[in-house]
Amino acid sequence: MGIETGQSKGAAFLAAYYLQNGKGTHAYRYFGVHRLLEGQGWSYVFRVAAPGADGVALVGEWNDWQPASMQRLAGSGVWEIVWQTDICPEGLRYKYRVQKGESVHDKADPYARMSESSGEGASVICTELHYAWQDDAYLELRAQKYADHVRYAYPMHVYEVDPVRWLGDERVLTGTVPSYRVIADLLAQYAADMRYTHLLLRFPGLQSGGREGLITRFAPDGMLGTPDDFAYLIDRMHKQGLGVILEMDCRCAGTHSAGVCNLDGCNLYAHAGHGAPQLDLTDPYATALLYSSALYWLRQYHVDGLYLNAEGMMPNRATGDFVHTLAAAVRAGVPDALLLLRASGYRGLSAGQALGGLGYDLVIDPATEAALLDCFSMSSALRVSREAWREIARGLYTEDAIIALSSAICTRQAGSVMGSLGGTHAEKFATMRLLYLFMICLPGKKLTFMGTELGQLTSACLSEGVEWFLRDVRSHAELLAFVKALHVYYLQTPPMWECDYSRDGLAGVECRDAPQGVLAFKRFDRAGREVCAVFNMSNQPAKGVRLVTGGRYPYYECAFSTFPDGSSERLQTDGQGCLQLDLEALSGTVLTPIIPTGGFWFRVPENE
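As the structure is a computational prediction, the values presented were derived from the model and not from experiment.

1. Some thoughts on the overall build of the protein
Reasoning step 1: Assigned secondary structure in the protein consists of 13 helices and 29 strands.
Reasoning step 2: Looking at the protein as a whole, 59% of its 608 residues are labelled buried.
Reasoning step 3: For the protein, the exposed area adds up to about 23,700 Å²; of that, 50% sits on carbon and sulfur atoms.

Written out as structure tokens, the structure is:
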């Protein structure tokens, strides 16, 4: 075997092209390690951008980590080396040894497609996937569903989950991490059974040897398996009809050997500041890395969408420009990909870029999320009025919003949604069911963090994982069954999701003879069919509430917060178009009209 330096044909031109203005979205096709399909044996080229370095060498386990000098390509900050060998080197570990003055340090490859499973942070030679995908039918359906003119006319409930901590068993607590394949089988079955439509996968770092998950931006975490194993996880979700959205970290630079911070001995990729170094989104090398990473996951691994937490990023013009350009790059490269953004204080985040917006599909507003949970966290005597609840609903139309109970709000509260609620034990669970029903009925797609559906009381979800032993506790088991039945009802009820972002999909309902804390509104589908949601936010019963429904047809109660199944009792309207009903304390109900011309009535199946 032998290693040689030398500039491959057109390399200098390609380097300049991919890094021009920091907008290269295909840099992964040039940087990193690639097999050259020419000559005899196995030939690989390694390329890394390190413009501030005085010298760069390739080190690997094939020669006991002895350095082989790389050549700097003329007119660029790119270093290259070609390695020829008689044996297949796939799976071998390597790093770049960077010299800056008297300092010498080893760094992983920022564009490596595979990382080692130990805590040393080395890159692994992997030039292609070998997984046989079986999701062609799913991708074809996705292209149809996510077309611009129909992408919002479908139900969407996202389950935000850290797949490792979701398991919540002793394997996580003892540091023994399962593989992507084990996670895939268990998580896909559970999420499909609970009737979620999408998963938002988070890999926040396993704190093993200082490593962080997905640190190279192109490699699944080697502690959980190979790239083929990660492909299996995505494919397994698609087989269950579940979309997969990946959280994209655009800030963390990483100070250890697997991170890009100080890669060339200078401030390439990252800038130093208060706290941990962060990626410099004005650096063309950093932005090219991120744009390419986004397109790589969407294309290579068939990921359905990306989630970007831009909270606190937008006031800075440079980072705002990055968020805008990222959306444009994804739109051009993968038109049917979903883009989720967490940001507040700005309008037009979900408006098309042709209209002056950022072009993201769905937006989580932290202020709206916090206000929603804060209202339910208050005692019933302090809860906001009906007018304030209507104001929250009207505010949802400023963007194409996601109604969320995310990990971010759990972090700011008591570590869990249930833990932030007040009252007695029974009142906590009644409030939790009421909150879930209220969320489902509000306009907008939905997102909940793992453990919320179980009523987890502590912050363990953010550290150890979901406390699945709570399923043996009756109150928690009943909440889980309620959430599942509510999801079933949501999926089969078009007024709950078909017109989420049209003002024609929501109308207020007048409540007469109702105490403070009673709220009602209607939801409509595109055909004008309706459901009427009624809520009693107080911890006192509301008797004889008269709803001005405006029609003469009767209603059925098809969903309750007190128990999931509807009743068969017919509620008749009076001669003035009013419907009278009694509401228990901390309860909600959804009413469905029975219209003689093509009756419209949804009920939760008893066997679900």
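2. Some remarks on the pattern of salt bridges
Reasoning step 1: For the coordinates displayed, the defined rule picks out 22 salt bridges.
Reasoning step 2: Among the salt bridges present, the one from Asp-336 reaches Arg-142, with a minimum N-O distance of 3.3 Å. With Asp-336 in the loop between helix H8 (317-333) and strand E17 (338-342) and Arg-142 in helix H2 (residues 136-145), the pair connects residues that are 194 residues apart, well separated along the chain. This pair shows no difference in class: Asp-336 is buried, exactly as Arg-142 is.
Reasoning step 3: Arg-202 is the salt-bridge partner of Glu-247, the closest N and O atoms lying 3.2 Å from each other. With Glu-247 in strand E13 (residues 243-248) and Arg-202 in the loop between strand E12 (198-201) and helix H6 (227-239), this residue pair connects regions lying 45 residues apart in the sequence.
Reasoning step 4: What makes Arg-202 buried here is its relative accessible area of 17%.

3. Some words on the sheet that holds strand E18 (residues 362-364)
Reasoning step 1: Taken in spatial order, the eight strands make up an open sheet running E18-E17-E16-E13-E12-E11-E20-E19, and their pairing is parallel. Unpaired on one side and paired on the other, E18 and strand E19 (402-405) mark the two borders of the sheet. In this sheet, adjacent strand axes meet at a mean angle of 20° when their direction is disregarded.
Reasoning step 2: With four bridges joining them, strand E11 (residues 157-161) and E12 adopt parallel strand pairing. The residue of E12 that forms the bridge with Glu-160 is Leu-200.
Reasoning step 3: Across the sheet, helix H9 (residues 366-377) lies against E17, E18 and E19, angled at about 55° from E19, the strand it touches most.

4. Considering the layout of surface pockets
Empty space left among the atoms is revealed by rolling a probe the size of a water molecule over them.
Reasoning step 1: Approximately 370 Å³ is the volume attributed to the second largest pocket.
Reasoning step 2: Along the wall of the second largest pocket there are 23 residues; nearest its centre are Lys-145, Pro-155, Thr-197, His-198 and Gly-241.
Reasoning step 3: With four residues, the single largest contributor to the lining of the second largest pocket is H2.
Reasoning step 4: Classifying every residue of the lining of the second largest pocket by side-chain character gives 13 nonpolar, five polar and five charged.

5. As for the packing of helix H12 (residues 425-441) against helix H13 (residues 474-491)
Reasoning step 1: Interaxial distance between H12 and H13 falls to 11 Å at its minimum, and their mutual angle equals 15°. Here H12 lies roughly parallel to H13, going by the angle between them. Between H12 and H13 the crossing geometry is right-handed. Here His-425, Phe-429, Met-432, Arg-433, Tyr-436, Leu-437 and Ile-440 of H12 lie close against H13, whose contacting residues are Ser-475, His-476, Leu-479, Phe-482, Val-483, Leu-486, His-487 and Tyr-490.
Reasoning step 2: Its residues placed into classes, the contact of H12 with H13 shows 10 nonpolar, four polar and one charged.

Scoring rules and cut-offs
- The residue count restarts for each chain, going from 1 along the sequence in the order it is written.
- Only residues with pLDDT of 70 or above have their local features reported here, since the model is predicted, and side-chain atom pairs are shown and tallied only from 80 upward, although totals for entire chains, interfaces and linings are computed over all residues.
- Side-chain measures were taken over the full set of non-hydrogen atoms in the model, leaving aside hydrogen atoms and water.
- Strands are runs of DSSP state E lasting at least two residues, helices are runs of H or I lasting at least four, and both sets are numbered from the N terminus onward.
- Residue burial is assigned from relative accessible area. The probe radius is 1.4 Å, only protein chains are included, and a residue is buried under 20% of its type maximum, exposed over 50%, and partly exposed in between.
- For every accessible area listed, the method is Shrake-Rupley and the probe measures 1.4 Å; residues are considered covered only by the protein chains on display.
- Salt bridges are counted wherever a side-chain nitrogen of Lys or Arg sits within 4 Å of a carboxyl oxygen of Asp or Glu.
- Strand pairing is defined by DSSP finding a minimum of two bridges between the two strands.
- For every element, the axis is a line fit to its C-alpha atoms; helices are fit only across the contacting stretch, and the angle between N-to-C directions ranges from 0 to 180 degrees.
- The contact criterion used is simple: two residues touch if any of their non-hydrogen atoms lie within 4.5 Å.
- As defined here, a cavity is a set of points on a 1 Å grid over the protein atoms alone where a 1.4 Å probe fits but cannot get out. A pocket is an open set with protein on both sides within 12 Å along at least five of seven lines, and residues line them when an atom is within 4 Å of a point.
- Grid points are joined across faces, edges and corners, and a volume is the space filled by probe spheres set on the points.
- Residues are grouped as follows: nonpolar covers Ala, Val, Leu, Ile, Met, Phe, Trp, Tyr, Cys and Pro; charged covers Asp, Glu, Lys and Arg; every other residue, Gly included, is treated as polar.
- Roughly parallel refers to an angle under 35 degrees, roughly antiparallel to one over 145, roughly perpendicular to one between 65 and 115, and oblique to any angle outside these ranges.
- A crossing counts as left-handed when the near helix is turned anticlockwise from the far one by less than a right angle, and as right-handed when that turn is clockwise.

Geometric descriptors of this kind do not, in isolation, establish any biological role.
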